[in-house]
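The chain contents come next:
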Amino acid sequence: EAQVTQNPRYLITVTGKKLTVTCSQNMNHEYMSWYRQDPGLGLRQIYYSMNVEVTDKGDVPEGYKVSRKEKRNFPLILESPSPNQTSLYFCASSSAQLTGANVLTFGAGSRLTVL
Amino acid sequence: GDSVTQMEGPVTLSEEAFLTINCTYTATGYPSLFWYVQYPGEGLQLLLKATKADDKGSNKGFEATYRKETTSFHLEKGSVQVSDSAVYFCALNSNSGYALNFGKGTSLLVTP
């Protein structure tokens, strides 16, 4: 089944404790992206990647890092989490860059709470 | 820059009622337009799309028409069901190829 898999789905952590949210897709997609979803703010892009070793900042990159060493994986790293990073995170992928009718396939989401 | 504005929710309807969720956009060029749906506890999934003016996207009884003259892409369904309860997001591609711009989402609750 074609899918985007995120882990963990739920995580409660404390301020300053480094964590990684993994994302993997099995569709050989070139484009991958991370979004956060917050009440009243909708979805905001954190980082995206056009291909292996090619990443760039989205609208809200502060406090996050990413890497794209393999085509299928795009982990989101929070080096020193803070309470304002409490959110619902989505990983998404697409076969190519988002022009024309190319669509995003989303993972199920990772709900992160930072105490 | 490019942006999407959706009507604010929550929207509460009785089963079999008619649904309209308004969406307008601001963009340079000719973006493609999308509606995504998020069911409780799940990720977003594509509901329908339209790639040029006057195109009508449709899926699962939902429809939306790309209106360039009014820069709109309103979502409609003639008879909603309880299973349609979800959050609906209007979106457009930014033509940069790097991101979709999403509206803030409209929560729909359908009651029996």
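Residues numbered from 1 in each chain as written. Chains lettered and ligands numbered in written order. Predicted model: local features only at pLDDT ≥ 70, side-chain atom pairs only at ≥ 80, totals over all residues. Heavy atoms only, no water.

Focus on the overall build of chain A
Right, on to step 1. Each helix and strand counted, chain A has zero helices and eleven strands in total.
Right, on to step 2. Starting at the N terminus and ending at the C terminus, chain A contains elements arranged as β-β-β-β-β-β-β-β-β-β-β.
Right, on to step 3. The C-alpha extent of chain A, read off along each of the three principal axes, is 40 × 30 × 25 Å.
Right, on to step 4. Taken over 115 residues, chain A has a buried fraction of 48%.
Right, on to step 5. Long-range pairs, those at least 24 residues apart, make up 53% of the contacts in chain A with a sequence separation of at least 6.
Right, on to step 6. In chain A, which carries 12 positive and 9 negative side-chain charges, the distance between the mean positions of the two groups comes to 6 Å. (Helix = DSSP H or I, 4+ residues; strand = E, 2+ residues; numbered from the N terminus. Buried < 20%, exposed > 50% of the residue type's maximum accessible area, 1.4 Å probe, protein only. Contact = heavy atoms within 4.5 Å. Lys, Arg positive; Asp, Glu negative; His and termini not counted. Charge placed at Lys NZ, Arg CZ, Asp CG, Glu CD.)

Looking at the sheet that holds strand E7 (residues 56–59) of chain B
All names here are of chain B.
Right, on to step 1. Judged by pairing direction, the sheet is antiparallel, and its four strands sit side by side in the order E3-E9-E8-E7 without closing on themselves. Where the open sheet ends on each side, the last strands, each with one partner, are strand E3 (19–21) and E7. Within the sheet, the average angular offset between the axes of one strand and its neighbour, ignoring direction, is 15°.
Right, on to step 2. In this structure, strand E8 (residues 62–65) lies alongside strand E9 (residues 75–77), joined through three bridges in antiparallel fashion. By the bridge assignment for E9, Phe62 is matched with Lys77. (Pairing = 2+ DSSP bridges. Axes fitted to C-alpha atoms, helices over the stretch in contact; angles between N-to-C directions.)

Regarding unusual backbone geometry
Right, on to step 1. In this model, Asn7 of chain A is joined to Pro8 of chain A through a cis peptide bond whose omega is -5°.
Right, on to step 2. Along the chain, Pro8 of chain A falls in the loop between strand E1 (4–7) and strand E2 (10–13).
Right, on to step 3. Pro10 of chain B follows Gly9 of chain B through a cis peptide bond whose omega is 0°.
Right, on to step 4. Position of Pro10 of chain B relative to the elements: it lies in the loop between strand E1 (3–6) and strand E2 (11–14).
Right, on to step 5. The phi dihedral of Glu53 of chain A falls on the positive side, at around 65°, and the residue is not glycine.
Right, on to step 6. As for its placement among the helices and strands, Glu53 of chain A is situated in the loop between strand E5 (42–51) and strand E6 (54–57).
Right, on to step 7. The phi dihedral of Thr71 of chain B falls on the positive side, at around 45°, and the residue is not glycine.
Right, on to step 8. By the secondary structure assignment, Thr71 of chain B is in the loop between E8 and E9.
Right, on to step 9. According to the relative accessible area criterion, Thr71 of chain B is partly exposed, its value standing at 31%.

Topic: the interface of chain A and chain B
Right, on to step 1. Each partner contributes residues to the interface: chain A has 24 residues there, and chain B has 22 residues.
Right, on to step 2. Roughly 1700 Å² is buried in total at the junction of chain A and chain B, and carbon and sulfur atoms are behind 58% of that figure.
Right, on to step 3. Contact with chain B buries area across many residues of chain A, yet Leu43, Leu98 and Phe106 of chain A alone supply 26% of it, more than any other trio.
Right, on to step 4. If you look at where chain A meets chain B, you find zero salt bridges.
Right, on to step 5. Summed over the shared surface of chain A and chain B, the number is six residue pairs in polar contact (both at pLDDT 80 or more). (Buried area = accessible area lost by both parts, 1.4 Å probe. Salt bridge = Lys/Arg side-chain N within 4 Å of Asp/Glu carboxyl O. Polar contact = N/O pair within 3.5 Å; in protein donor to acceptor, adjacent residues only side chain to side chain.)

Things to note about the packing of aromatic side chains
Right, on to step 1. What the rule picks out here adds up to 13 aromatic pairs over all chains.
Right, on to step 2. Between Tyr48 of chain A and Tyr98 of chain B, the aromatic rings sit 5.2 Å apart at their centres with planes inclined by 15°, giving stacked as the arrangement. In this pair, Tyr48 of chain A is assigned in strand E5 and Tyr98 of chain B in the loop between strand E10 (86–93) and strand E11 (100–102), connecting two distinct chains.
Right, on to step 3. Given a relative accessible area of 36%, Tyr98 of chain B falls into the partly exposed group.
Right, on to step 4. With a centroid separation of 6.2 Å and an interplanar angle of 85°, the aromatic rings of Phe90 of chain A and Phe106 of chain A are classed as edge-to-face. Of the two residues, Phe90 of chain A sits in strand E9 (residues 87–94) while Phe106 of chain A sits in strand E10 (residues 105–106), which places them 16 residues apart along the sequence. For the residue pair Phe90 of chain A and Phe106 of chain A, the accessibility class agrees, reading buried in each case.
Right, on to step 5. A connected cluster of aromatic rings, assembled from ring pairs, spans Tyr35, Phe90 and Phe106 of chain A together with Phe34, Tyr36, Phe89 and Phe102 of chain B. (Phe/Tyr/Trp six-rings, centres within 6.5 Å; stacked < 30°, edge-to-face > 60°.)

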